[in-house]
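Architecture at a glance
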Amino acid sequence: MSDAATSNAAPTDLIELGRITAAYGVKGWVKVQPHSANAEVLLSASQWWLTRPVPELARGAVASAPVVIKVLQARSQGATVVAQLAGIADRDQAEAMRGYSVQAPRGSFPAPEEDEYYWVDLIGCALYTSANGEPALIGVVDEVLDNGAHAVLKVLCQKAGAEGPEPILTAKGRPAEMLVPFVRAHIHAVDLAARRIDSDWPADL
């Protein structure tokens with residue numbers, strides 16, 4: 001890691017935006033593969049928090065603490081982002097950073113446009129449907145996927161229980177899942193403060 005990186009206490013709201021996949025060019029630039037639609041945050045951040053990858057074969061290995069490094073330049077390169085980082089001066093140094101995760105504090109994200117949402121904010125929201133009239137809980141958003149045309153909510157299905165919502169299990173005892181297109185035709189309202197999404201998606205698919 002570069003001498004320009006510092007191990008200040010990491011913010012508590014760090015969000016992983018992508019991973020460094022390779023060196024770019026010979027002057028120390030790195031190439032980052034963004035997660036989902038996070039490229040704009042990578043491009044706007046003045047500094048990144050980087051975490052060293054944990055070797056898969058290292059039993060009991062503990063992830064290293066994130067370190068912060070200044071972003072000198074960043075731009076889109078096809079589906080990736082390429083960046084020049086402070087203290088990374090040649091290709092060998094850039095290659096040594098392959099696999100590092102790139103993070104930024106959620107509080108530093110640019111404000112989204114009206115009717116636009118950061119995917120990370122949708123995770124954990126309860127999804128309701130009014131397909132049969134009265135709003136009914138479908139489940140909780142576990143992940144947001146990209147099918148190339150639009151975002152898709154992966155929802156862990158739930159049902160009402162005596163002590164609150166309970167997970168619905170498949171015949172094999174696994175959590176039941178549902179994929180719901182995150183498009184205006186089916187999503188009627190998103191209330192991030194209430195952690196709730198309203199839709200007309202059938203609950204029995």
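Right above here is the structure, for reference.
Predicted, not measured: the structure shown is a model, and the values here were computed from it.

**Re the overall build of the protein chain**
Each helix and strand in the protein chain was counted, giving three helices and 13 strands. By residue count, 35% of the 205 residues in the protein chain fall in the buried class. Nonlocal contacts in the protein chain, meaning residues at least 24 apart in sequence, comprise 55% of its contacts between residues at least 6 apart. For the protein chain, the accessible surface area stands at approximately 11,800 Å², while carbon and sulfur atoms represent 51% of it.

**Brief notes about the pattern of salt bridges**
Side-chain pairing between opposite charges can occur once the charged atoms of the two side chains come close. According to the stated counting rule, one finds nine salt bridges in the structure shown. When the shortest N-O distance is used, the salt bridge between Asp115 and Arg184 registers 3.6 Å. Highlighted residues: Asp115 in the loop between strand S6 (101–105) and helix H3 (119–122) and Arg184 in the loop between strand S11 (177–181) and strand S12 (187–191), separated in sequence by 69 residues. What makes Arg184 exposed here is its relative accessible area of 67%. Between Lys154 and Asp142 there is a salt bridge, with its nearest N and O atoms 3.5 Å apart. Of this pair, Lys154 sits in strand S9 (residues 151–161) while Asp142 sits in strand S8 (residues 136–146); the two residues are 12 residues apart in sequence, bridging distant segments of the chain. The network of salt bridges with common partners includes Asp142, Glu143, Lys154 and Glu177.

**Description of a negative patch on the surface**
Side chains of Glu40, Glu113, Glu114 and Glu116 sit close together on the surface and give a patch of like negative charge. Examined against the element boundaries, Glu40 turns out to sit in helix H1 (residues 39–44).

**Describing the nonpolar core**
Side chains that are nonpolar tend, in soluble globular proteins, to be buried together. Residues Ile20, Val30, Trp48, Leu50, Leu85 and Met97 are the most contacted members of the largest nonpolar core, which totals 25 residues. Going through the elements one at a time, strand S1 (14–24), strand S2 (29–34), H1, strand S3 (47–51), strand S4 (67–77), strand S5 (80–85) and S6 are the ones with two or more residues in this core. A per-element tally of this core places S1 first, with four residues. Grouped together as the second largest cluster of nonpolar side chains are 19 residues, Val144, Val180, Phe182 and Val190 included.

**Considering unusual backbone geometry**
Despite not being glycine, Asp115 has its phi angle at roughly 65°, a positive value. Although it is not a glycine, Arg195 sits at a positive phi angle of roughly 55°. With respect to the element layout, Arg195 can be found in the loop between S12 and strand S13 (196–199).

**Notes on the pairing of S13**
Here S13 shows a clear split, with Ile197 and Ser199 buried on one side and none of Arg196 and Asp198 buried on the other. Here S12 folds back onto S13, and the loop between the two strands holds four residues, one of which, Arg195, carries a positive phi near 55°.

**Considerations on the environment of Pro66**
Structurally, Pro66 can be placed in the loop between S3 and S4. Assessed through its relative accessible area of 18%, Pro66 is described here as buried. Between the alpha carbons of Pro66 and Trp49 there is a distance of 5.7 Å; along the sequence they are 17 residues apart.

**Some points on the sheet that holds S5**
Reading around the circumference, S1-S2-S5-S4-S3-S6 is the order of the six strands in this closed barrel, with antiparallel pairing throughout. The average angle at which neighbouring strand axes cross in this sheet is 45°, direction not considered. Pairing analysis gives four bridges linking S3 to S4, with the strands arranged antiparallel. Opposite Gln47, over in S4, you have Lys70 as the bridge partner.

Analysis parameters
Residues numbered from 1 in each chain as written. Predicted model: local features only at pLDDT ≥ 70, side-chain atom pairs only at ≥ 80, totals over all residues. Heavy atoms only, no water. Helix = DSSP H or I, 4+ residues; strand = E, 2+ residues; numbered from the N terminus. Buried < 20%, exposed > 50% of the residue type's maximum accessible area, 1.4 Å probe, protein only. Contact = heavy atoms within 4.5 Å. Areas by Shrake-Rupley, 256 points an atom, 1.4 Å probe, with all protein chains shown as cover. Salt bridge = Lys/Arg side-chain N within 4 Å of Asp/Glu carboxyl O. Patch = residues over 30% accessible without salt bridge, like charges linked within 9 Å, V, L, I, M, F, W, Y side chains within 5 Å. Lys, Arg positive; Asp, Glu negative; His and termini not counted. Charge placed at Lys NZ, Arg CZ, Asp CG, Glu CD. Core = buried A, V, L, I, M, F, W, Y, C linked by side-chain atoms within 4.5 Å. Pairing = 2+ DSSP bridges. Axes fitted to C-alpha atoms, helices over the stretch in contact; angles between N-to-C directions.

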